[in-house]
Amino acid sequence: MANGQWYPPEWPDRIRALADGTLTPVTPRRAATVLLLKDTPDGPVVHMLRRRASMAFAGGAYAYPGGGVDPRDDDRQIGWTGPPRAWWAERLGVDAASAQAIVCAAVRETYEEAGVLLAGPDPDSVVGDTTGDDWEADRAALVARELSFAEFLDRRGLVLRSDLLGAWARWITPEFEARRYDTWFFVAALPEGQRTRNASTEADRTVWIRPAEAAAGYDRGELLMMPPTIAALRQLLPYRSAAEALAAAPAREMTPVCASARLQGDEIVLSWPGHEEFTKHIPTAGEPTPTAAEPMTTAPGTPADTAGPRPAPPAGTHSTTGGGPA
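From a predicted model like this one, the values you see are computed outputs, not experimental measurements.

J.: Pulling in residues and values, what's your account of the sheet that holds strand β14 (residues 275-283)?
T.: Sheet architecture is open: 3 strands sit in the order β12-β13-β14, paired in antiparallel fashion. At either end of the open sheet lies a strand with only one pairing partner, and these are β12 (260-264) and β14. Here the strands of the sheet are splayed against their neighbours by 25° on average, with no regard to which way each runs. Where β12 and strand β13 (residues 267-272) come together, 5 bridges link them in antiparallel fashion. Its bridge partner lying in β13, Leu263 is registered against Ile268. Its contacts with the sheet put helix α1 (residues 11-19) on β12, β13 and β14, and the angle it makes with β13 is roughly 100°.

Here it is, written out as C-alpha cells:
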C-alpha cells in the first residue's frame, strides 16, 4: 500500500538538472513551525492543518502552523521573557539577532494560523481568550505585514514567552527545490484558556490528532505529509504528555537535515540523512521506482485524500473546517 510521502512530479527533472549542473540552487528562506500539543485522557494530541490543494508549495499536505521569518524581527526591540537571546542563539545555531527573529516567527505564525498566542502581560502569565474583533484586526494586520510583531506586543502590553517553546528539529529544503526553507521546528503546549481555530487562508482543514493516529494515516496513504512533518510525528510517539515532550526538547539534536541527491549507476538516489524511510530511487531517464521499504504514492504530488472521496478523520481526531474553534 502506498504511503503519504509528498512527492512533486517535477522533482525528477529538477534533480537531474542539479546533477548535470544546469540548475542553480536558490538560497533558503528562514522559517519556523510549531507542533502545538494538548493533553487528553488518551495522551497528547497535536494540532495540524491541511494546506489547500491550490497552494503552490505542498498543496494538500498536512503540516503545522508556521511560515517565514519577518526580517523586521531581527533588530526590533521585542518584549521578551524566558531564556535570553544568547541562549536561543546557541540552541538554534545562529546569531542572537537571527535567534530572536526565528523565535518571533514561531510565536507569530502560531497566532496568525491557529489563533494561539504564546505571550502574556508578565513572565508568569499567558493571555487568555484571543478571539474578538479587536484581536482579529491585529491578527489580520500581522498577516498583511502592516504591523510588526514588536509593535503588536507593545500595543497589547505583552511580552513573548520564549520559555513556552522547545526547539525540536531543523530541516532545510533540498537544493533542487524551487522554494527552499531553512525551518526550525518547535514544540509548545496549548495555553490554558486559549483555543485553536483555522485562521489561515492557506488551510482548508485543521485537526487535533494523536501522533500515532496521524502516523498510521500517513502509512496507509490517507494523510499526505512532507518528510519533516511525519518525522516529527514519529519523534513525539514516546511522550505521554505535552510536558514530557517539552522537557525532552533541550536535549534534542538540532543539526540541520537536508536531502541529498547522488548519481548511482543508472539512477539518482534521493536521501535524507538519518531518515532512511524517505529514500527514493529515481531512474536517470524516468520516474521513481517503488521499493519494498518505500512504495510510491498513488499519484506523486497529489494528496491521497483528494484523489477520491475524502476519508473520515482517523480515530481520536477532532477537526474543524472554515474558521470554527478546534
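J.: Outline the packing of aromatic side chains, supporting the account with residue identities and numerical values.
T.: For the structure on display, the rule yields 9 aromatic pairs. Judged by centre distance (6.5 Å) and plane angle (85°), the ring pair of Tyr64 and Phe185 falls under edge-to-face. In this pair, Tyr64 is assigned in the loop between β3 (62-63) and β4 (66-68) and Phe185 in strand β9 (residues 181-189), connecting sequence segments 121 residues apart. A single burial state applies to Tyr64 and to Phe185, both of which are buried. Site record: aromatic cluster; members linked through ring pairs are Tyr111, Trp135, Phe149 and Phe152. In this structure, Arg156 is placed above the aromatic ring of Trp135, and the distance from its NZ or CZ to the ring centre is 3.7 Å. Over the aromatic face of Trp168 sits the side chain of Arg252, whose NZ or CZ is 4.4 Å from the ring centroid.

J.: Could you give an account of helix α7 (residues 227-236), naming the residues involved and the relevant values?
T.: Most of α7 sits inside the fold, with 8 of its 10 residues counted as buried. Those residues of α7 not exposed but buried are Pro227, Pro228, Thr229, Ile230, Ala231, Ala232, Leu233 and Leu236.

J.: Before we move on, can you summarise the confidence of the model for the protein chain with the specific residues and values?
T.: Across the protein chain, the average pLDDT comes to 83, with 83% of residues at 70 or higher. By mean pLDDT, strand β15 (residues 318-320) is the weakest element of the protein chain at 42, and helix α8 (residues 242-248) is the strongest at 98. In the predicted structure, residues 287-326 sits below a pLDDT of 50 and forms 91 contacts with residues beyond four places in sequence or in another chain.

J.: Run through helix α6 (residues 211-219), naming residues and quoting values.
T.: Considered for burial, the residues of α6 that qualify are Pro211, Ala214, Ala215, Gly217 and Tyr218. On an axial view of α6, the arc spanned by its buried residues comes to 155°, and they lie on one face. Gly221 occupies a position one or two residues after α6 and carries a positive phi of about 85°.

J.: Give me the packing of helix α4 (residues 133-143) against helix α5 (residues 149-156): which residues, what numbers.
T.: In contact at an axis separation of 10 Å, α4 and α5 are set at 160° when each is read in the N-to-C sense. Accordingly, the angle class assigned to the pair α4 and α5 is roughly antiparallel. Classified by chirality, the crossing of α5 by α4 is right-handed. For the pair formed by α4 and α5, the contact residues are Asp134, Trp135, Asp138 and Leu142 on the first element and Phe149, Phe152, Arg155 and Arg156 on the second. Here the contact of α4 with α5 is built from residues that sort into 4 nonpolar, no polar and 4 charged.

J.: Describe the sheet that holds strand β6 (residues 119-120), listing the residues and the values that go with them.
T.: Each strand in a sheet pairs with another by means of backbone hydrogen bonds, the pair being arranged parallel or else antiparallel. If you walk across this open sheet you meet the 3 strands as β5-β7-β6, and the pairing is mixed. Two strands lie at the open edges of the sheet, namely β5 (80-81) and β6, each paired on one side alone. As judged from the 2 bridges shared by β6 and strand β7 (residues 159-161), these two strands associate in the antiparallel manner. Looking at β7, one finds that Ala119 is bridged to Leu160.

Rules used throughout
- Residues numbered from 1 in each chain as written.
- Predicted model: local features only at pLDDT ≥ 70, side-chain atom pairs only at ≥ 80, totals over all residues.
- Heavy atoms only, no water.
- Pairing = 2+ DSSP bridges.
- Helix = DSSP H or I, 4+ residues; strand = E, 2+ residues; numbered from the N terminus.
- Axes fitted to C-alpha atoms, helices over the stretch in contact; angles between N-to-C directions.
- Contact = heavy atoms within 4.5 Å.
- Phe/Tyr/Trp six-rings, centres within 6.5 Å; stacked < 30°, edge-to-face > 60°.
- Buried < 20%, exposed > 50% of the residue type's maximum accessible area, 1.4 Å probe, protein only.
- Lys NZ or Arg CZ within 6 Å of the ring centre and 35° of its normal.
- pLDDT = per-residue confidence, 0-100.
- Arc of directions from axis to C-beta.
- Parallel < 35°, antiparallel > 145°, perpendicular 65-115°, else oblique.
- Left-handed = near helix turned anticlockwise from the far one by under 90°.
- Nonpolar A, V, L, I, M, F, W, Y, C, P; charged D, E, K, R; others polar.

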